[in-house]
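Residues per chain are reported as follows:
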Amino acid sequence: MTTNAGLKTRQSATQPLRTGAEFLAGLRRRKRKVIVDGEIISDPTAHPAFKQGARSIAALYDYAAAPENRAVMTFPSPVDGAPVLRAYQIPKTHADLRDKRIAAEKWAELTFGLMGRTPDHVAGFFNGFAAKPSVFAAGGEQYGRNVVAFYEHLRDTHAYVAYAIVPPQIDRSKPANLQDDPTLYAGVVKETDKGIYVSGAQQLATGGVYADYIHLSCIHPLRPGEENYALSLAVPTDAEGLRLYSRRAFAMQAVGKSADEYPLTARFDETDCMVVFDNVFVPWEHVFCYRNLEVCRDQWWKTPAHLYGNLQAQARYSVKLRFLLGLAKRMNEMTGNDAVPPVQVMMGELASYAAIVEGMLHSQEVLATHDEEGVLWPSKTALYSVMALQSEINPKMIDIVRELTGAGMITLPSSFKDLDNPETAKDIERFYRSNKTGAREKIKLMRLAWDFIGSEFGNRHQQYEKFYGGASFLVKMNMFRSFDFKSAGALVDNALNLPPIED
Ligand SMILES: Cc1cc2nc3c(=O)[nH]c(=O)nc-3n(C[C@H](O)[C@H](O)[C@H](O)COP(=O)(O)OP(=O)(O)OC[C@H]3O[C@@H](n4cnc5c(N)ncnc54)[C@H](O)[C@@H]3O)c2cc1C
């Protein structure tokens, strides 16, 4: 069977896992409309803005398909036992959750945690949706069946889904239906017996340029009158009428330069794009929630989707923090400050934050509980507490690294070309070295650090860590809803009812 995303569903247990080459071939084959620098392009693998990012995703598929990584990165498909990405495993036990976390960490290590919406992120959401089809069936039996069938299709084709679940910031003071044009925010504009038509925009799909599908929905609470926007559906990225408006492609800054100038920008710019739907047809089988305010809300909070997806996000973040610690330590060694006690205190503070994030990641597994249907839910409080603080600790950590490096990331030659010029190389070798290494190694490390922190790519990451899981006030509200205030209150009652003190 071939779906409208052009992905073949599994025919036999012997069909190999998707490789990087197949992923790249798919990107070339399924012509999409990506807008960048005034051009409309159809093949991201052929454009310098996206080429290396595509290769980085391809490397993830290759890693998972390598026989030596199969045990960690895959699990047997319940359909035929063939290996499928562990990212699509619906966890039934605590050990399953641990295995999923380890697989997410392995992929994150390949990008140093710098690609957030790798195929395992939205996979987590669909695992959570498929674990609770009753939530979707509340809007009509067929929607429960649709979401499970679509999840199985994703699992068995190793598909990559990006999502756009926040409306554009056009006028936040008014609901979608009261904007001056009611088709500004993505919503249904026509219905037929074959499917629906969607028009409007949704603000940001990270990785959308590379994905097989865009999941369109809305995580903002919707009010009566906004039914047309209360959708959950999937659209192939090459669907007629779909346009992906890329933000500035940071990877372009690295084009034509030595690979060491922007080592991270060059490889890991996953891109973010506004998704425009221009009368896009969606067959009913790809619709999971239709004009239903309650189901649209409940898919996030009455399924473990938000928890599974963000468990991956935290595994990725934890790897990134380990990378940050390694970078900071290496820079201190370079500058000769490593043994200075106040520097060690700052490193200890950095390490504390990283260890808290890692510890809370493990807590999500350890404190996971089964609901009455036997579905395993990672701990909400373990997830939301750390997500709520992320928007505060992340900038703090970046600031500590800036503090530690002084001018180290700035006092660098204009480019590696200055080292290649024999007339200037002598000075550079002499004055840009460290007590540990020659100039080239030191410059390479400092460039890496600057790309991580100070480049446009690095700065986008700070915005990402602040907002990828929603604005921090919303995450704190999740925490407010999840925390056990009852037992906290009971303690206060105990204190208020203490027996009198006897002499
Ligand atoms: C790099 C990056 C990648 C992203 N990737 C994705 C993606 O892949 N898919 C996706 O769907 N979305 C993605 N997002 C979007 C993200 O989900 C939203 O940016 C996020 O939900 C915040 O919404 P907003 O940007 O519309 O901010 P707004 O909702 O407009 O809020 C902006 C700020 O206004 C203030 N504010 C607004 N309302 C209130 C209130 N009621 N109470 C208190 N303060 C308030 C807060 O300070 C808030 O931070 C991404 C965002 C970034 C920055």
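Residues numbered from 1 in each chain as written. Predicted model: local features only at pLDDT ≥ 70, side-chain atom pairs only at ≥ 80, totals over all residues. Heavy atoms only, no water.

J.: Describe the overall build of the protein, listing the residues and the values that go with them.
T.: Helix and strand counts for the protein come out as 18 helices and 14 strands. Within the protein, counting contacts between residues at least 6 apart in sequence, those at least 24 apart form 76% of the total. Taken as a whole, the protein presents about 21900 Å² of accessible surface, with 56% of it coming from carbon and sulfur. (Helix = DSSP H or I, 4+ residues; strand = E, 2+ residues; numbered from the N terminus. Contact = heavy atoms within 4.5 Å. Areas by Shrake-Rupley, 256 points an atom, 1.4 Å probe, with all protein chains shown as cover.)

J.: Outline the domain arrangement of the protein, supporting the account with residue identities and numerical values.
T.: Here the protein is partitioned into domain 1 (20–300) and domain 2 (304–485). Placing the centre of domain 1 and that of domain 2 at their C-alpha centroids yields a distance of 25 Å. At the junction of the two partners, domain 1 supplies 47 residues and domain 2 supplies 43 residues. Around 3900 Å² of area is buried between domain 1 and domain 2 when both sides are counted, 61% of it from carbon and sulfur atoms. The interface formed by domain 1 and domain 2 contains eight salt bridges. Where domain 1 packs against domain 2, one counts 20 residue pairs in polar contact (both at pLDDT 80 or more). (Domains from an automatic or database assignment. Buried area = accessible area lost by both parts, 1.4 Å probe. Salt bridge = Lys/Arg side-chain N within 4 Å of Asp/Glu carboxyl O. Polar contact = N/O pair within 3.5 Å; in protein donor to acceptor, adjacent residues only side chain to side chain.)

J.: If you had to explain empty space enclosed by the protein to someone new, which residues and values would you point to?
T.: Under the defined criterion, the tally for this structure stands at three cavities of 30 Å³ or more. Taken together, 16 residues line the largest cavity, and the ones lying closest to its centre are Arg 86, Ala 87, Lys 100, Ala 104 and Asp 120. Of the residues that constitute the lining of the largest cavity, the class distribution is nine nonpolar, three polar and four charged. Lining the lining of the largest cavity are residues from two domains, each supplying at least three of them: domain 1 (20–300) and domain 2 (304–485). Its boundaries defined by the atoms lining it, the second largest cavity holds a volume of some 60 Å³. Considering the residues around the second largest cavity, the lining is formed by Met 387, Gln 390, Ser 391, Glu 465, Lys 466, Tyr 468, Gly 469, Gly 470, Ser 472 and Val 475. Elements with a minimum of two residues in the lining of the second largest cavity: helix H12 (380–405), helix H16 (456–467) and helix H17 (472–482). At three residues, H12 tops the list of elements feeding residues into the lining of the second largest cavity. (1 Å grid on protein atoms, 1.4 Å probe; cavity = no way out; pocket = protein on both sides within 12 Å on 5 of 7 lines; lining within 4 Å. Points joined across faces, edges and corners; volume = space filled by probe spheres on them. Nonpolar A, V, L, I, M, F, W, Y, C, P; charged D, E, K, R; others polar.)

J.: Give me helix H4 (residues 94–111): which residues, what numbers.
T.: End to end, H4 covers 26 Å across 18 residues, agreeing with the expected 26 Å (1.5 Å per residue, within 8%). Among all positions of H4, only Asp 96, Leu 97, Lys 100, Arg 101, Ala 103, Ala 104, Glu 105, Trp 107, Ala 108 and Thr 111 are buried. Following H4 by one or two positions, Phe 112 has its phi on the positive side, about 60°. (Expected span 1.5 Å × (residues − 1). Buried < 20%, exposed > 50% of the residue type's maximum accessible area, 1.4 Å probe, protein only.)

J.: Lay out the environment of Arg 101 in plain terms, naming residues and giving numbers.
T.: Positionally, Arg 101 belongs in helix H4. The exposure class assigned to Arg 101 is buried, which follows from its relative accessible area of 8%. Taking the C-alpha atoms as reference, Arg 101 lies 21 Å from Gly 326; in sequence the two are 225 residues apart. The contacts of Arg 101, once residues within four sequence positions are left out, are Leu 311, Ala 315, Leu 361, His 362 and Glu 365. Polar contacts involving the side chain of Arg 101 include one to the side chain of Glu 365, which spans 2.6 Å.

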